Amino acid sequence: MQKTSDVAQLAAITKRMRRTAIEMITEAGSGHPGGSLSAAEIVTTLFFDVLRHDPENPHWTDRDRFILSKGHCCPILYAVMAECGYCPKDQLMTLRKLGSMYQGHPDVRFLPALEASTGSLGLGLSLGLGMSLASRMNGSKSRSYVVLGDGEIQEGQIWEAAMAAAFLRVDNLAAIVDYNQIQLDGFVKDIMSLEPLAEKWRSFGWHVIEAFGHDIAALQNAFGEASSMKGKPTCIIAHTVKGKGVSFMENNPKFHGTAPTRDECAKALQELA
Amino acid sequence: MPAKTKYALPLGAATREAFGKALVELGRTNPNVVALDADLSKSTYTAGFAKEFPARFIECGIAEANMIAIGAGLASAGKIPFAASFSVFALNKGFEQLRVTAAYPNVNLKVVGTHSGISIGEDGPSQMSVEDLSLACSLPGFTVISPADETSMIELVKLAAAHVGPVFIRAGRPKVARIYEAGQQFAIGQSVELLEGSDVTLIATGLLVAESIRAAETLEAEGISARVIDFHTVKPLDREAIARAARETGAIVVAEEHLVDGGLGVRVAQVVAETHPAPMEFVGIQNTYAESATPEQLLDKYGLLARDVAAAARRVVKRKR
């Protein structure tokens, strides 16, 4: 794979990844477009610029680890991993179908290049913490990056892991909150508000960076700052727009977990042309 | 008929203490072995490992769910983690984590639940793990081990570390009878026949192994020849030993310090039904939670003594055609 730090190139890849994710979900007839689109820049920037990894040697011991704790947004992860060369692009449209390596939620049994099977919310930060602790014991440079949903962090285990990571001074761990403001039943502020969110993470002992999650340069800066932080883990609160890039999906709770129709897919692809 | 005086059953160490000893030995020979605990290291006996290998010990605080998933993350990154807590907390508070982060991706995590059963005593039901075998056995791919004494615990902990895949190991609080001499060989999934017998087979695990040996001695005096088998591995089951027992003795009693629902007994009954149907009786906790008292009082009140195993054996022998 060809890595790049060029913002324009990363933006172009991101747009293609959005298109692929929309097509996959449409073909599957079910899935979660909104959160795939809100996380598109985050996942693309990590895989194409930030992560130390090698798709030709997916189990390299000293690789950086990526965990999509909000596993339901796997279409964007599958699209990016296929683009990197971890898995075949020509099977992406088998998402959610019998025997597909592209399961409805990430499943290491079907796609061994994944770092974790996720889907039940609230588990990924603990897994990333375990991986970061293993790296530290090994004296490895490996870092772990965990993408969390905003609704997801209503789960108590996230805060158990947050408390432990800071107490254990695990500085090779970054959490990225995809703060798109919407969860299944509606707006986060109406279901179970997270505010004041930055203060919560700070009070748990984390270094906190707030960034616009669709600004690739801002994300690059945030990841750079996270990797230079010593003695504490970093939380990047990425302010995002659910359904980003498709006008009728943006800020629309309906598209948390509803596949577009073929007509909607065509319109979306036009907007993402 | 040979006199069944082979087992003196002297009091030995608690199985949790034997686990702690084995863990330290593993730590000395395998640098990949790490341990996690949730503020119970003095009770689970991971404290010895923590003292000798502080860089390989992770104190998780009172957060068992987090501990299990951190352990899964360590295992995914190539470590051999042993995560320990009271069995009731590891299995119940950590069950979803055991399911999604350990069983489903089949990671190499070892979970050790101490203070299992009702023999924890005075602390009462909130601390008593009476459904852990059922929960652990329900997890696809998990190996479930329930040693009866010090020697078998030490050997089986070592075998669990060498086994690739998730394992649950059940340990108890009180000191228990020594059944095996040092040097005894074990294999995961292979039961151990402790006493020969032809009229009935007593299949037991954990604390009930010693009780079953005692029961066999009582039965022998009454002219009933009881085979006693230690099922230190509850999953995968030694199907061959079960089928042979059903065929050769025609009657089976299963005894365990666990709810009868979902325990070793129902798992053995499934194999008996599939291979050689025979009458069975079950010694265990009957659809209830226990209470505070001494372990001895509780084992007596809830029917988990040699006397109860012997009574079940008499009943099942009468049911033979």
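Residues numbered from 1 in each chain as written. Chains lettered and ligands numbered in written order. Predicted model: local features only at pLDDT ≥ 70, side-chain atom pairs only at ≥ 80, totals over all residues. Heavy atoms only, no water.

### What to know about helix 4 (residues 64–76) of chain B
Residues and elements named next belong to chain B.
No. 1: Taking 1.5 Å of rise per residue, the 13 residues of helix 4 would be expected to cover 18 Å, and the 18 Å separating its terminal C-alpha atoms lies within 8% of that figure.
No. 2: Within helix 4, 12 of the 13 residues are buried, leaving the element largely enclosed by the surrounding structure.
No. 3: When we look at burial in helix 4, the residues that qualify are Glu64, Ala65, Asn66, Met67, Ile68, Ala69, Ile70, Gly71, Ala72, Gly73, Leu74 and Ala75.
No. 4: In the stretch just after helix 4, glycine 78 is the one whose phi turns positive, near 100°. (Helix = DSSP H or I, 4+ residues; strand = E, 2+ residues; numbered from the N terminus. Expected span 1.5 Å × (residues − 1). Buried < 20%, exposed > 50% of the residue type's maximum accessible area, 1.4 Å probe, protein only.)

### Remarks on the side chain of histidine 258 of chain B
Residues and elements named next belong to chain B.
No. 1: By the secondary structure assignment, histidine 258 is in strand 13 (residues 252–259).
No. 2: Reaching out from histidine 258, the side chain makes a polar contact with the backbone nitrogen of leucine 133 at a distance of 3.1 Å.
No. 3: Reaching out from histidine 258, the side chain makes a polar contact with the backbone nitrogen of serine 134 at a distance of 3.2 Å.
No. 4: Aside from chain neighbours lying at most four places away, what touches histidine 258 is Val130, Glu131, Asp132, Leu133, Ser134, Arg170, Gly263, Gly284 and Ile285. (Polar contact = N/O pair within 3.5 Å; in protein donor to acceptor, adjacent residues only side chain to side chain. Contact = heavy atoms within 4.5 Å.)

### Things to note about the nonpolar core
No. 1: Core analysis: the largest hydrophobic core is formed by 79 residues, its most contacted members being Leu125, Leu148, Ile153, Leu197, Trp201 and Trp206 of chain A together with Ile203 of chain B.
No. 2: With seven residues, the top contributor of residues to this core is helix 6 (residues 156–167) of chain A.
No. 3: The residue makeup of this core includes at least three contributed by each of domain 1 (11–177) and domain 2 (192–318) of chain B.
No. 4: Setting aside its immediate chain neighbours within four residues, leucine 148 of chain A contacts Ser69, Lys70, Leu125, Ile153, Ile158, Ala175, Ile176, Val177, Asp178 and Trp201 of chain A.
No. 5: Phe49, Ala50, Ala177 and Val209 of chain B belong to the second-largest nonpolar core, a separate cluster that totals 75 residues. (Core = buried A, V, L, I, M, F, W, Y, C linked by side-chain atoms within 4.5 Å. Domains from an automatic or database assignment.)

### What to know about the sheet that holds strand 4 (residues 80–86) of chain B
Residues and elements named next belong to chain B.
No. 1: Within the open sheet, the seven strands sit side by side as 3-2-4-5-7-6-12. Their pairing is mixed. Strands at the two margins of the open sheet, each flanked by one partner only, are strand 3 (57–59) and strand 12 (233–235). With direction set aside, neighbouring strand axes in the sheet form an average angle of 20°.
No. 2: Where strand 6 (residues 143–145) lies against strand 7 (residues 167–170), three bridges are found, and the strand directions are parallel. (Pairing = 2+ DSSP bridges. Axes fitted to C-alpha atoms, helices over the stretch in contact; angles between N-to-C directions.)

### Some words on empty space enclosed by the protein
No. 1: Going through the model one piece at a time under the given rule, you end up with three cavities of 30 Å³ or more.
No. 2: Estimates place the volume of the largest cavity at around 170 Å³.
No. 3: Phe47, Phe66, Ala113, Leu114 and Glu115 of chain A are, among the 19 residues lining the largest cavity, the residues nearest its centre.
No. 4: Those elements that provide at least two residues to the lining of the largest cavity are strand 1 (65–68) and helix 4 (74–84) of chain A.
No. 5: Of all the elements, strand 1 of chain A adds the most residues to the lining of the largest cavity, at four residues.
No. 6: Taken together, the residues of the lining of the largest cavity break down into 13 nonpolar, two polar and four charged.
No. 7: Looking at the second largest cavity, its volume works out to about 140 Å³.
No. 8: Residues that form the lining of the second largest cavity fall into these classes: six nonpolar, seven polar and three charged.
No. 9: Counting contributing residues per domain, the lining of the second largest cavity is built from domain 1 (11–177) and domain 2 (192–318) of chain B, each supplying no fewer than three. (1 Å grid on protein atoms, 1.4 Å probe; cavity = no way out; pocket = protein on both sides within 12 Å on 5 of 7 lines; lining within 4 Å. Points joined across faces, edges and corners; volume = space filled by probe spheres on them. Nonpolar A, V, L, I, M, F, W, Y, C, P; charged D, E, K, R; others polar.)

### Quick word on the sheet that holds strand 9 (residues 192–195) of chain B
Residues and elements named next belong to chain B.
No. 1: With mixed pairing, the five strands of this open sheet are ordered in space as 9-11-10-13-14. Only two strands of the sheet have a single neighbouring strand rather than two, namely strand 9 and strand 14 (280–285). Looking at each pair of strands side by side, their axes are set apart by 25° on average, direction ignored.
No. 2: Judged from the three bridges that link them, strand 9 and strand 11 (residues 226–230) form a sheet pairing that is antiparallel.

Geometric values such as these leave the question of function open.
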